[in-house]
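Each chain, letter by letter, is given below.
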Amino acid sequence: MKRVVRYLLLTIGAFLMGLAVKMIFDTSGLVTGGVSGIAVILQKILNIPMWLTNIVINVPLFIYGFRTLERRVLWDSFYANFIFTLAIGLLPDINPVGNDIFLSAFAGGFIMGTGLGIILSCDATSGGADLAAYMIQKKSKRIKTVWIIFIIDAIIIALGTPVFGIPSSIYGVISVFTISFVSGKIVDGPAVSRTAYIISRNSIEIAAIINKRLERGVTGIKVMGMYENKEKIMLVCVARKREIHKIVEIVEETDKQAFMWIGDAREVMGEGFVNIA
């Protein structure tokens, strides 16, 4: 059931991104970022279909990702990119927000940011610059994926300035900033972290996997189980909201008999969160 919901969300997210690119950015002459931005530029200069450019550029990225990413992340990203490619290939060239370029920049950014945020929340990407940013973020944990995407997008917009002109590029920056802001809010949610409490017979193994996969610290506290009158180790792990589902997956695959509960953690300070002043 979880898999069905995840792929439904990936479908919605990728479709929204394709809608923004094909029906708003392309029809308004706005160059944004990512592979879609490159596709818009090449279509303008060489009349190459956007869907074809998207496929050609993504092939080497997915080949490299096959060597470096978890298989689930890779296949989910491939699926999202497939839906995105279909959307930009099949949707009509009709701008639903009209000819107002500012409204197009803002509306397109909001729609695309929503789609991107949904996909990133599923721990996947839509391919292209998103996939590249995801792989970069895995190497540098301190920079958020959405802001790596923003930097890549800004570079592509700069490259598109000679083709579309300065005014269009300025509106492109507005749309990219909107994309980053909206997707960041969806991925991070409210400024609330989560605390996972786990009691398991495999506590040491679970803690090691969380350390390795998420690079999150785990604290072990000795507790007494009064039902069995046995001493156990309770794990305590504070993580960001978007990481909790990964911890749940780790516990499920390691010990299906584990006991676990999750609570809110506000104003978390320390390494990996907000620095202590």
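Scroll up to find the structure.
Read on for a plain summary of the structure. (Residues numbered from 1 in each chain as written. Predicted model: local features only at pLDDT ≥ 70, side-chain atom pairs only at ≥ 80, totals over all residues. Heavy atoms only, no water.)

## Regarding the overall build of the protein chain
Then, number 1: Per the secondary structure count, the protein chain includes 10 helices and four strands.
Then, number 2: Helices and strands in the protein chain line up, N terminus first, as α-α-α-α-α-α-α-α-β-α-β-β-α-β.
Then, number 3: Expressed as lengths along the three principal axes of its C-alpha atoms, the size of the protein chain is roughly 75 × 40 × 30 Å.
Then, number 4: Residues counted as buried form 46% of the 277 residues belonging to the protein chain.
Then, number 5: Residue pairs in contact within the protein chain that sit at least 24 positions apart in sequence constitute 75% of those at least 6 positions apart.
Then, number 6: When the accessible surface of the protein chain is summed, it comes to about 14,900 Å², and 65% of that surface belongs to carbon and sulfur atoms.
Then, number 7: In the protein chain, which carries 28 positive and 21 negative side-chain charges, the distance between the mean positions of the two groups comes to 3 Å. (Helix = DSSP H or I, 4+ residues; strand = E, 2+ residues; numbered from the N terminus. Buried < 20%, exposed > 50% of the residue type's maximum accessible area, 1.4 Å probe, protein only. Contact = heavy atoms within 4.5 Å. Areas by Shrake-Rupley, 256 points an atom, 1.4 Å probe, with all protein chains shown as cover. Lys, Arg positive; Asp, Glu negative; His and termini not counted. Charge placed at Lys NZ, Arg CZ, Asp CG, Glu CD.)

## Some details on the pairing of strand β1 (residues 193-199)
Then, number 1: With five of seven residues buried, β1 lies mostly within the body of the structure.
Then, number 2: For β1 and strand β4 (residues 259-265), the ladder comprises seven bridges, and the chain directions are antiparallel. Across the sheet, Ile198 pairs through a bridge with Met260, a residue of β4.
Then, number 3: Pairing analysis gives six bridges linking β1 to strand β3 (residues 230-239), with the strands arranged antiparallel. If you follow Arg194 over to β3, its bridge partner there is Ala239. (Pairing = 2+ DSSP bridges.)

## Remarks on the packing of helix α3 (residues 50-68) against helix α4 (residues 71-90)
Then, number 1: Two numbers describe how α3 lies on α4: the axes approach to 10 Å, and their chain directions differ by 175°. By the angle class used here, α3 and α4 are roughly antiparallel. Residues Met50, Trp51, Asn54, Ile55, Asn58, Phe62, Gly65 and Phe66 of α3 pack against Arg71, Leu74, Ser77, Phe78, Asn81, Phe84, Thr85, Ile88 and Gly89 of α4.
Then, number 2: Partitioning the contact of α3 with α4 into residue classes produces nine nonpolar, seven polar and one charged. (Axes fitted to C-alpha atoms, helices over the stretch in contact; angles between N-to-C directions. Parallel < 35°, antiparallel > 145°, perpendicular 65-115°, else oblique. Nonpolar A, V, L, I, M, F, W, Y, C, P; charged D, E, K, R; others polar.)

## A few points about the pattern of salt bridges
Then, number 1: Applying the stated criterion across every chain yields a total of nine salt bridges.
Then, number 2: Taking the shortest distance from any N to any O, the salt bridge between Arg72 and Asp76 comes out at 2.9 Å. Of this pair, Arg72 and Asp76 both sit in helix α4, four residues apart, which is roughly one turn of that helix.
Then, number 3: Each of Arg6, Arg72, Asp76, Asp123 and Lys246 takes part in salt bridges that share partners, so that together they form one network. (Salt bridge = Lys/Arg side-chain N within 4 Å of Asp/Glu carboxyl O.)

## Regarding the sheet that holds β1
Paired through backbone hydrogen bonds, the strands of a sheet run either parallel or antiparallel to each other.
Then, number 1: Judged by pairing direction, the sheet is antiparallel, and its four strands sit side by side in the order β2-β3-β1-β4 without closing on themselves. In this open sheet, the two strands that pair with only one neighbour each are β2 (219-225) and β4. Pairwise comparison of adjacent strand axes, ignoring direction, gives a mean angle of 25° for this sheet.
Then, number 2: Across the face of the sheet, helix α9 (residues 203-214) comes into contact with β1 and β3 while running at roughly 15° to β3.

## So, empty space enclosed by the protein
Summary: where empty space remains is shown by rolling a probe the size of a single water molecule over the atoms.
Then, number 1: Enumeration according to the criterion identifies one cavity of 30 Å³ or more in this entry.
Then, number 2: Of the volumes computed, that of the largest cavity is approximately 170 Å³.
Then, number 3: In terms of lining residues, the largest cavity is bounded by 20 residues, among which Met17, Gly34, Ser36, Met112 and Asp130 are the most central.
Then, number 4: For the lining of the largest cavity, a count of residues per class yields eight nonpolar, 10 polar and two charged. (1 Å grid on protein atoms, 1.4 Å probe; cavity = no way out; pocket = protein on both sides within 12 Å on 5 of 7 lines; lining within 4 Å. Points joined across faces, edges and corners; volume = space filled by probe spheres on them.)

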